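Observations on chain architecture
The residues making up each chain are set out below.
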Amino acid sequence: MITAERKPIEDLIQSVSPYRRILLVGCNECVTVCSAGGRKEVALLSSALQMHFMKEAKPFEIKEITLERQCDPEYIEELVPIIDQADAVLSMACGCGVQEIARRFKEKPVLPAVNTTFMGASERQGVWAERCAGCGDCVLGVTGGVCPIARCSKQLLNGPCGGSTRGKCEVDPDIDCAWQLIWDRLKALGMTERYEENIPAKDWRTGRGGGPRKIVREDLA
Amino acid sequence: MESFQPVIVAFCCHYCAYTAADMAGSKRLHYPANVKIIRVPCTGKVSALHIMEALRKGADGVYVAGCLDGDCHFRSGNTCATKRVAYVKKLLDEIGIGGERVEMFAMSAGMGEVFARTATDFTEKIRDLGPNPARVGLDKLGCVGAGA
Ligand code: SF4
Ligand code: SF4
């Protein structure tokens, strides 16, 4: 999933301050799963902002809605009947959702309520960790199912570096060394000979190095 | 401020604090009528939003009363509730309402006295803090004729 974290309340208070009527829009997908911007978080943020402005004795109205997906134009259309009742939109979706609303409603200010962070997985209740950097040319098949790009601090394709200590990364002792994980997994698979293979220099043009990317499925487009 | 009667919402677990309230009643122990009890099946059912909305809708203080550490009927509901209360406290500090208006307490079903004392002490604490600033602000808004 795409993970995100709600921005600090003081930043949000500041960003909505110039407006009187806010449309707070959540998303039912990734940000719901990582507890950043689903229906519950929308309700909580709405409650917090309302209370803050009540205390300030400042007129403030907020309307809540959570769309099935904020990154698909079909769902954005659901905002059409209510968008004019708001001076600005505060979106709790990832950056994709925020941009879709901005694209659809050209004259409406759209503010992000969350910081979109990484593509990751749930490690346990309440903990999410980075797993994929979307490099566009996946090497998990040769690295034992552990990503050296998202999970090695130096994105080494032929690690580990000299800083790997007792399974931990030199950047932070709380981070597992990706290359230790790769080695352990290859061993478990009986495929340690894979480790001997040098992975050639990666062509980063399939990733962000090639500029903004697009996927076109001819049969569907 | 003398006449200020705070509105307190207490989310009480059915298996402990709610029964302790009963116990306090049958022992004829006095506790302030300011405390409005909401019975919940477990404090783990109380979400951050329940607490926030109680305050937004006019409560001056909210507390959650659950089982003693390690005694939750559903194993860890009270631990979850403790974490949520801490989260809400921080949020309330950030929006300027003040986290001290919210508290978590633990007691067993037999602790009628503890229930009565907790209710009394918390009510006094909120009385000292004064009315919920959100409600005060809303009243001010009402005075200048602006809707909310
Ligand atoms: S190798 Fe690339 S596509 Fe595969 S998990 Fe890592 S970043 Fe993602
Ligand atoms: S210690 Fe491991 S994870 Fe950290 S930079 Fe070196 S190889 Fe990568």
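Residues numbered from 1 in each chain as written. Chains lettered and ligands numbered in written order. Predicted model: local features only at pLDDT ≥ 70, side-chain atom pairs only at ≥ 80, totals over all residues. Heavy atoms only, no water.

Quick notes on the sheet that holds strand 4 (residues 102-106) of chain B
Residues and elements named next belong to chain B.
- Within the open sheet, the four strands sit side by side as 2-1-3-4. Their pairing is parallel. The open sheet has two edge strands, strand 2 (35-40) and strand 4, and neither has a second partner. When strand polarity is set aside, the average angle formed by the axes of neighbouring strands in this sheet is 20 degrees.
- Pairing geometry for strand 1 (residues 8-13) and strand 3 (residues 61-66), over five bridges, is parallel. By the bridge assignment for strand 3, A10 is matched with Y63.
- Contacts between helix 4 (residues 112-129) and the sheet are confined to strand 1, strand 2, strand 3 and strand 4, with strand 3 contributing the most and set at about 160 degrees to the helix. (Pairing = 2+ DSSP bridges. Helix = DSSP H or I, 4+ residues; strand = E, 2+ residues; numbered from the N terminus. Axes fitted to C-alpha atoms, helices over the stretch in contact; angles between N-to-C directions. Contact = heavy atoms within 4.5 Å.)

Some points on the pairing of strand 2 of chain B
Residues and elements named next belong to chain B.
- Sheet topology places strand 1 next to strand 2; six bridges connect them, and they run parallel. Across the sheet, C12 pairs through a bridge with R39, a residue of strand 2.
- Chirality of the crossover, the property in question, places the unit of strand 1, helix 1 (residues 17-26) and strand 2 among those that are right-handed. (Right-handed = clockwise from strand over helix to strand, strands pointing away.)

Description of the sheet that holds strand 7 (residues 127-132) of chain A
Residues and elements named next belong to chain A.
- Spatial strand order, 1-6-7: three strands in an open sheet with antiparallel pairing. Both edges of this open sheet fall to strand 1 (2-6) and strand 7, since each of them pairs with a single strand only. For this sheet the average axis-to-axis angle between neighbouring strands, irrespective of direction, equals 70 degrees.

Considerations on the site of ligand 2
Residue and element names in this part refer to chain A.
- All residues in the neighbourhood of ligand 2 are listed as C152, S153, K154, P160, C161, G163, S164, C169, E170, C177, A178 and W179.
- Because more than half of its atoms lie within 2 Å of the grid, ligand 2 is assigned to the largest cavity.
- Taken together, the residues of the shell around ligand 2 break down into seven nonpolar, three polar and two charged. (Near = heavy atom within 4 Å. 1 Å grid on protein atoms, 1.4 Å probe; cavity = no way out; pocket = protein on both sides within 12 Å on 5 of 7 lines; lining within 4 Å. Sits in = over half its atoms within 2 Å of the grid points. Nonpolar A, V, L, I, M, F, W, Y, C, P; charged D, E, K, R; others polar.)

Here's the deal with the nonpolar core
- One finds L45(A), L90(A), M52(B), V62(B), L92(B) and I95(B) to be the most contacted residues of the largest nonpolar core, which totals 50 residues.
- Once residues lying within four places of it in the same chain are set aside, the contact partners of L45(A) are R6(A), I9(A), L12(A), L24(A), L90(A), M92(A) and A113(A).
- Among the nonpolar cores identified, the runner-up in size contains 19 residues, and C13(B), A20(B), C67(B) and F122(B) belong to it. (Core = buried A, V, L, I, M, F, W, Y, C linked by side-chain atoms within 4.5 Å. Buried < 20%, exposed > 50% of the residue type's maximum accessible area, 1.4 Å probe, protein only.)

Quick word on the pairing of strand 4 of chain B
- Taken together, the five bridges between strand 3 of chain B and strand 4 of chain B define a ladder with parallel strand orientation. Paired with Y63(B) across the strands is E103(B), a residue of strand 4 of chain B.

Focus: the interface of chain A and chain B
- If you look at the interface, chain A gives 17 residues, while chain B gives 21 residues.
- Counting each side, the surface lost to burial between chain A and chain B is near 1700 Å², with a carbon and sulfur contribution of 72%.
- Viewed at the interface, chain B and chain A are joined by zero salt bridges.
- Across the chain A-chain B interface, the total number found is four residue pairs in polar contact (both at pLDDT 80 or more). (Buried area = accessible area lost by both parts, 1.4 Å probe. Salt bridge = Lys/Arg side-chain N within 4 Å of Asp/Glu carboxyl O. Polar contact = N/O pair within 3.5 Å; in protein donor to acceptor, adjacent residues only side chain to side chain.)

Quick notes on the domain arrangement of chain A
- For chain A, the assigned domains are domain 1 (2-117) and domain 2 (133-195).
- For domain 1 of chain A and domain 2 of chain A, the distance between their C-alpha centres works out to 37 Å. (Domains from an automatic or database assignment.)

Re the pattern of salt bridges
All names here are of chain A.
- This structure, assessed with the given rule, holds 19 salt bridges over all chains.
- Measuring nitrogen to oxygen at the nearest pair gives 2.5 Å for the salt bridge that ties R104 to E77. Note that R104 is positioned in helix 5 (residues 95-104) and E77 in the loop between helix 4 (73-76) and strand 4 (88-91), a separation of 27 residues in sequence.
- Taking the relative accessible area as the measure of exposure, R104 reaches 36% and is therefore partly exposed.
- Residues E123 and R131 are paired through a salt bridge, measuring 3.3 Å at the closest nitrogen-oxygen approach.

Notes on helix 1 (residues 9-16) of chain A
- Residues of helix 1 of chain A that are buried: I9(A), L12(A), I13(A) and V16(A). All buried residues of helix 1 of chain A fall inside an arc of 100 degrees around its axis, so they share one side. The exposed residues of helix 1 of chain A that point more than 90 degrees off its buried face are E10(A) and Q14(A).
- Of the surrounding secondary structure, the elements contacted by the buried residues of helix 1 of chain A are strand 1, strand 2 (21-27), helix 3 (39-55), strand 4 and strand 5 (110-112) of chain A together with helix 3 (77-94) of chain B. (Arc of directions from axis to C-beta.)

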